[in-house]
Amino acid sequence: MSPALYPAITEAAAILAAAGVPSARTDAEYLAAHVLGVDRSRLVLLSEFTGDRFDRFRALVARRAQRVPLQHLTGSATMGGLDLRVGPGVFLPRPETELLLEWGLSRLAPAGEHPIVVDLCSGSGALALSIAHARPGARVHAVEIDPAARQWTRRNADHRAAQGDTPITVHDGDVTDPAILIDLNGRVDLVVANPPYIPSGACLDPEVAEHDPHLALFGGPDGLSVITPMVTTIARLLRPGGAVAVEHDDSHGDRVADLFDAHGGFAEIAQHRDLAGRPRFVTADRRGGSR
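Fair warning: this is a prediction, and the values are worked out from it, not measured in the lab.

(A) Spotlight on the packing of aromatic side chains. On inspection of all chains with the given rule, the structure shows three aromatic pairs. Consider the rings of Phe49 and Phe54, whose centres lie 5.6 Å apart with planes at 50°: the pair is tilted. Put simply, the rings of Phe49, Phe54 and Phe57 touch in pairs and so form one group of aromatic residues. Across the ring face of Trp152, the terminal group of Arg155 is positioned such that the distance to the ring centre comes to 4.2 Å. Lying across the ring of Phe266, Arg286 places its NZ or CZ 5.7 Å from the centre.

Laid out in structure tokens, this is it:
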């Protein structure tokens, strides 16, 4: 007789909770849906595991109890309604970044126009590909310095292009380099960035500390070693009236806003909070002139 589905999920949730996994029940359901090949919402239509699926489920639960990220076990993460391929070597997209994405899309013309968009520190390509999907006419550039992460950027870019989305251009580059994307100087309509911003030495959950690449996490002693010089890159790329949104650590709201203000080339500088009420990203508009 095949194992019953919901008692197995309940047992798995208890195992995960005992291991300190947040949202243990939710994770157990996602793992069950993954091995059964259905959306989590459709679990209510099923009653049991069949074939070897129960053994696969238990193996995945054991790995999740070791604090391997859920997304590494399922091989995917979601951003802007897209399923992106992820795994070791790339930063996992976070739900908090959806708000930055929504703001960025609100600043772009409707589909059919051809805005130029740059995603700095692209990682999996989550922001770049979500924008290309939502605005088919956009010309989107993704910049990533880490070769391992860039493999995931290209993999996701190839997959989305095969699904019919507008292709994006992936660049190998340092977002603080004065010459990065120099051919786009003064032409970009929107810059988005989720850069490394965690202060060195911060205490992190095992899923983050042991599995997200440190190059994508840490921004020096104060967490601003990438964001600070990146402001100059952003100013150089944006056209007058162009917009920028930069995600930051929840301790950085005032400081990141001050960086844009001190540059002198930005107006309408605003701080935004995430769904938990924590400072999460700063936005600004590019003034005219060359500062």
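After that view of the structure, there is still more to cover.
(B) Main features of the sheet that holds strand β9 (residues 279–286). Read across the open sheet, the seven strands follow the order β5-β4-β3-β6-β7-β9-β8; overall the sheet is mixed. The sheet is open, and its two borders are formed by β5 (169–172) and β8 (266–273), each paired with just one other strand. Taking each pair of neighbouring strands and ignoring which way they run, the sheet shows an average axis angle of 15°. With four bridges joining them, strand β3 (residues 116–120) and strand β6 (residues 188–193) adopt parallel strand pairing. If you follow Val118 over to β6, its bridge partner there is Val191. This element, helix α5 (residues 97–106), spans β6, β7 (238–247), β8 and β9 of the sheet and lies at about 165° to β7. Here helix α6 (residues 126–134) sits on the sheet in contact with β3, β4 (139–144) and β6, set at roughly 175° to β4.

(C) Fine view of the nonpolar core. Residues Leu120, Ile234, Val244, Phe260 and Phe266 are the most contacted members of the largest nonpolar core, which totals 34 residues. Counting only elements with at least two residues in this core, the list comes to β3, β6, α10 (227–237), β7, α11 (253–263) and β9. Looking at which element gives the most residues to this core, the answer is α10, with six residues.

(D) Inspection of the pairing of β4 at higher detail. Most of β4 sits out of view: five of its six residues are buried. In this structure, β3 lies alongside β4, joined through five bridges in parallel fashion. By the bridge assignment for β4, Leu120 is matched with Val143. The handedness of the β3 to β4 crossover, carried by α6, is right-handed.

(E) Quick look at the packing of helix α1 (residues 5–18) against helix α3 (residues 53–65). Where α1 contacts α3, the two axes come as close as 9 Å, and the packing angle between them is 15°. One way to sum up the angle between α1 and α3 is to call them roughly parallel. In this structure, α1 crosses over α3, and the sense of that crossing is right-handed. Between α1 and α3, the contacting residues are Ala8, Ile9, Ala12, Ile15 and Leu16 on the first element and Phe54, Phe57, Val61, Arg64 and Ala65 on the second. Considering only residue class, the contact of α1 with α3 consists of nine nonpolar, no polar and one charged.

(F) Structural context of the layout of surface pockets. As a volume, the largest pocket reaches approximately 1500 Å³. The wall of the largest pocket is formed by 45 residues, among which Gln71, Leu92, Pro93, Arg94 and Pro95 lie closest to the centre. Counting only elements with at least two residues in the lining of the largest pocket, the list comes to α2 (24–36), α4 (70–74), β1 (76–79), α8 (206–209) and α9 (214–217). Here the lining of the largest pocket takes five residues from α2, the largest share from any one element. Class assignment of the residues belonging to the lining of the largest pocket gives a composition of 20 nonpolar, eight polar and 17 charged.

(G) Summary view of α3. For α3, with 13 residues, the first-to-last C-alpha span of 18 Å sits near the 18 Å given by 1.5 Å per residue. Among the residues making up α3, those that are buried are Phe54, Phe57, Leu60, Val61 and Arg64. For α3, the arc enclosing every buried residue in end-on projection is 125°, short of the 170-degree limit, so these residues lie on one face. Against α1, α2, α4 and α8 lie the buried residues of α3. Phi for Arg67, located one or two positions after α3, is positive at around 70°.

Scoring rules and cut-offs
- Residues numbered from 1 in each chain as written.
- Predicted model: local features only at pLDDT ≥ 70, side-chain atom pairs only at ≥ 80, totals over all residues.
- Heavy atoms only, no water.
- Phe/Tyr/Trp six-rings, centres within 6.5 Å; stacked < 30°, edge-to-face > 60°.
- Lys NZ or Arg CZ within 6 Å of the ring centre and 35° of its normal.
- Pairing = 2+ DSSP bridges.
- Helix = DSSP H or I, 4+ residues; strand = E, 2+ residues; numbered from the N terminus.
- Axes fitted to C-alpha atoms, helices over the stretch in contact; angles between N-to-C directions.
- Contact = heavy atoms within 4.5 Å.
- Core = buried A, V, L, I, M, F, W, Y, C linked by side-chain atoms within 4.5 Å.
- Buried < 20%, exposed > 50% of the residue type's maximum accessible area, 1.4 Å probe, protein only.
- Right-handed = clockwise from strand over helix to strand, strands pointing away.
- Parallel < 35°, antiparallel > 145°, perpendicular 65-115°, else oblique.
- Left-handed = near helix turned anticlockwise from the far one by under 90°.
- Nonpolar A, V, L, I, M, F, W, Y, C, P; charged D, E, K, R; others polar.
- 1 Å grid on protein atoms, 1.4 Å probe; cavity = no way out; pocket = protein on both sides within 12 Å on 5 of 7 lines; lining within 4 Å.
- Points joined across faces, edges and corners; volume = space filled by probe spheres on them.
- Expected span 1.5 Å × (residues − 1).
- Arc of directions from axis to C-beta.

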